[in-house]
Amino acid sequence: MSFDLVLFGGTGDLAWRKLLPALFQAWRHGSLPPGGRIVGVARDALTDADYRALIGSRLAVVEGEKRPSAQEFERFAALLEYQRMDLSAPADYQLLKDKLEARGAETVVMYLATAPGLFTTACEQIGAAGLATPATRVVLEKPLGHDLASNRAINAAVRGVFDERQVFRIDHYLGKPSVQNLLALRFGNALFEPLWRRETVASIEITMAEQLGVEKRGAFYDGTGALRDMVQNHALQLLCAIAMEPPINAHADAIRDEKLKVLRSLSPWTPATLAQGVVRGQYTAGQLAGGQVRAYGEEDGVAPGSTTETFVALRTGIANWRWAGVPFYIRTGKRLAAREAHIAINFRPTPHPIYRTPLGAANRLVIRLQPRDGVALHLFAAQEKRGAAAVQALAPVQLDLDFEQRFGAERVGAYERLLLDVIAGRLNLFVRADEQEAAWRWVEPIMQTWREQDERGEGPRPYAAGSWGPSAASTLVARDGNTWIEEC
Ligand code: BG6
């Protein structure tokens, strides 16, 4: 199947950090369909050769086995072409059209890896130039808007040009193998399903902790913050994967219908839950493994006195029969003590203990996303120690599955998987407009509360870089008698 992949933002960060390395890996593994061409689009005046050299120099600094050899890159670079475009200039879209029509590929993917402010213009211009044919697919990178109204406006502009089945909204967390495995664990095995409910589950934790700060994206991040950057999309998509009902089949809309139901059942916010159930934080200077790092307020591009949050912890629930009363905790932040992402399903303790176990000890299933992905089931076993039998004490043990060890080199990275799915037209791992809108609707009261707090001079809570966030995050779970897992 021949394809043209047009990469708007072709010289930008996302293109050379994630997309081109992923395309290179797909090509190297032989999974990129033959007959492909990648057209980088940007404003700079570059020739094809300049573009290849630029991308070559970026990929040459990729670490480890993912770095192409010079010979490999030369062969891969034959797929790369460049088109100079000003995205607001209709004539430039005609030039692109000529280029695409000259080749007549069966599938044309328009990947908008640009500043989100350009989505609407780009879609409208693509439509006006007659570039949106049934063979075209459009890929939109987050953030799609900064609130419900702006998200709706983008979705309306996109819908004016494309059918929903042509629209691929990326949430790269859905491409992570660990998220695929979460769904496989739930819906490919009968074992856990009877336990996956309020009667047996005490609480659920989703943690996405980063050690990185805002890097070179200070100006973007300062207008975004952790709630929009991580919670509205990645965290809620993970929550959907945990909480959704089994879909009737594995088709995109069957899965997306179930996720939408979860988003619509998230507990509505009240003044009390907003006051007690949400913590926002911002990092101050501190010590990380790599040395001393500066405070968020001193990062390049960050406005003086900024109240943008770099940390969020919250407690919510799902108002349906399966999950009523089970707290769902979400925590994410930059400059935390470790790079660590996991989901923990905390089961209820045995109803009547006959062994001596530590207070509150209970089984736990941990789905690890990062840094290594795997699944660990925390159980209790009889103490194998002389004298222990007499006291009937139990020891914690773990069943541990490391996916990297099990599947090793055959594994497909998140962007590689998502790009191949776009080219193949598989929508399962992409987010539908109504899901996105439901997620924005749910986070809006939090944004509103923070705006009001800002007006009263109550900014985010400070936390030292290298810590696990403000202590209020621990208080949030401690009220239910819980703690966050710091290592798993
Ligand atoms: C992106 C956010 O969506 O996800 C970044 O914009 C964040 O701020 C990144 O660092 C985290 O992704 P991952 O895959 O490294 O956990």
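Residues numbered from 1 in each chain as written. Predicted model: local features only at pLDDT ≥ 70, side-chain atom pairs only at ≥ 80, totals over all residues. Heavy atoms only, no water.

**Examining helix H15 (residues 433-455)**
The end-to-end C-alpha distance of H15, which contains 23 residues, comes to 32 Å, matching closely the 33 Å that a straight helix rising 1.5 Å per residue would cover. The largest bend in H15 amounts to roughly 35 degrees and is located at valine 443, with the proline proline 445 lying one to four residues further along. (Helix = DSSP H or I, 4+ residues; strand = E, 2+ residues; numbered from the N terminus. Expected span 1.5 Å × (residues − 1). Bend = angle between axes of the 7 residues up to and from the residue.)

**Quick notes on the site of the ligand**
Residues in close proximity to the ligand include Lys142, His172, Tyr173, Lys176, Glu210, Arg217, Asp229, Met230, His234, Lys334, Arg339 and Gln370, which together make up its full environment. In this structure, an oxygen atom belonging to the ligand sits 2.5 Å away from a side-chain N or O atom of tyrosine 173. The side chain of aspartate 229 places a nitrogen or oxygen atom 2.6 Å from an oxygen atom of the ligand. Starting from 390 Å² of accessible surface for the ligand in isolation, the protein chains cover 83%. A total of three residues in the shell around the ligand trace back to one element, the largest contributor, which is helix H9 (residues 225-243). Class assignment of the residues belonging to the shell around the ligand gives a composition of two nonpolar, three polar and seven charged. (Near = heavy atom within 4 Å. Polar contact = N/O pair within 3.5 Å; in protein donor to acceptor, adjacent residues only side chain to side chain. Areas by Shrake-Rupley, 256 points an atom, 1.4 Å probe, with all protein chains shown as cover. Nonpolar A, V, L, I, M, F, W, Y, C, P; charged D, E, K, R; others polar.)

**Looking at the sheet that holds strand E5 (residues 136-140)**
Read from one edge to the other, the open sheet built from six strands follows the order E3-E2-E1-E4-E5-E6, with strand pairing classed as parallel. Each edge of the open sheet carries a strand with a single partner, namely strand E3 (80-84) and strand E6 (167-169). Across this sheet, the average inter-strand angle for adjacent strands is 20 degrees, counted without regard to direction. Against the sheet, helix H5 (residues 119-128) makes contact with strand E1 (3-8), strand E4 (107-112) and E5, and its axis sits at roughly 155 degrees relative to E4, the strand it touches most. (Pairing = 2+ DSSP bridges. Axes fitted to C-alpha atoms, helices over the stretch in contact; angles between N-to-C directions. Contact = heavy atoms within 4.5 Å.)

**Here's the deal with the packing of aromatic side chains**
Throughout the structure, instances matching the rule amount to 15 aromatic pairs. Consider the rings of phenylalanine 168 and phenylalanine 430, whose centres lie 5.0 Å apart with planes at 80 degrees: the pair is edge-to-face. Taken as a pair, phenylalanine 168 in strand E6 and phenylalanine 430 in the loop between helix H14 (414-424) and H15 lie far apart in primary sequence, 262 residues in all. Phenylalanine 430 sits in the buried class, given a relative accessible area of 0%. Geometrically, the ring pair formed by tyrosine 329 and tryptophan 484 is edge-to-face, given 5.8 Å between the ring centres and 65 degrees between the ring planes. Residue tyrosine 329 is located in strand E12 (residues 328-333), and its partner tryptophan 484 is located in the segment after helix H16 (471-478); the two are separated by 155 residues in the primary sequence. With a relative accessible area of 2%, tyrosine 329 lands in the buried category. Joined through ring pairs, the aromatic side chains of Tyr221, Tyr283, Tyr296, Phe311 and Tyr463 make up one cluster. (Phe/Tyr/Trp six-rings, centres within 6.5 Å; stacked < 30°, edge-to-face > 60°. Buried < 20%, exposed > 50% of the residue type's maximum accessible area, 1.4 Å probe, protein only.)

**Quick notes on the environment of leucine 238**
Here leucine 238 shows up in helix H9. Exposure remark for leucine 238: the relative accessible area of 1% places this residue in the buried category. Along the sequence, leucine 238 and valine 179 sit 59 residues apart, while their C-alpha atoms lie 7.5 Å from each other. When residues no more than four places from it in sequence are discounted, the contact partners of leucine 238 are Tyr173, Val179, Ile206, Met208, Ile343 and Leu369.

**Observations regarding the nonpolar core**
Ranked by size, the top nonpolar core spans 119 residues in total, and within it Tyr111, Ile343, Ile345 and Leu365 carry the most contacts. If you look at the next biggest cluster of nonpolar residues, it comprises 25 residues, including Leu96, Cys123, Ile154 and Val167. (Core = buried A, V, L, I, M, F, W, Y, C linked by side-chain atoms within 4.5 Å.)

**So, the pairing of strand E8 (residues 278-284)**
For E8, the buried fraction is high: six of the seven residues fall into the buried class. As paired elements, E8 and strand E11 (residues 311-316) share four bridges and run antiparallel to each other. Bridging across to E11, glycine 281 finds its partner in phenylalanine 311. The sheet contact formed by E8 and strand E17 (residues 461-464) spans four bridges and is parallel. The residue of E17 that forms the bridge with tyrosine 283 is tyrosine 463.

**Quick word on the sheet that holds strand E14 (residues 364-370)**
Judged by pairing direction, the sheet is mixed, and its nine strands sit side by side in the order E16-E15-E14-E13-E7-E12-E11-E8-E17 without closing on themselves. Lying at the two open borders of the sheet, with one neighbouring strand each, are strand E16 (394-402) and E17. The sheet shows a mean angle of 20 degrees between the axes of neighbouring strands, direction not considered. Its contacts with the sheet put helix H7 (residues 177-187) on strand E13 (340-347) and E14, and the angle it makes with E14 is roughly 150 degrees. Here H15 sits on the sheet in contact with E8 and E11, set at roughly 60 degrees to E8.

**With respect to the pattern of salt bridges**
Applying the stated criterion across every chain, the model contains 37 salt bridges. Note that aspartate 4 and arginine 103 form a salt bridge whose closest N and O atoms lie 2.6 Å from each other. Remark: arginine 103 occurs in helix H4 (residues 90-103) and aspartate 4 occurs in strand E1; sequence separation between them is 99 residues. Judged by its relative accessible area of 32%, arginine 103 falls in the partly exposed class. The partner of arginine 331 in a salt bridge is glutamate 205, and the shortest N-O contact between them spans 3.6 Å. Highlighted residues: arginine 331 in strand E12 and glutamate 205 in strand E7 (residues 201-209), separated in sequence by 126 residues. Both residues of the pair, arginine 331 and glutamate 205, belong to the buried class. Taken together, the salt bridges that share partners define one network made up of Asp4, Arg37, Glu81, Lys99 and Arg103. (Salt bridge = Lys/Arg side-chain N within 4 Å of Asp/Glu carboxyl O.)

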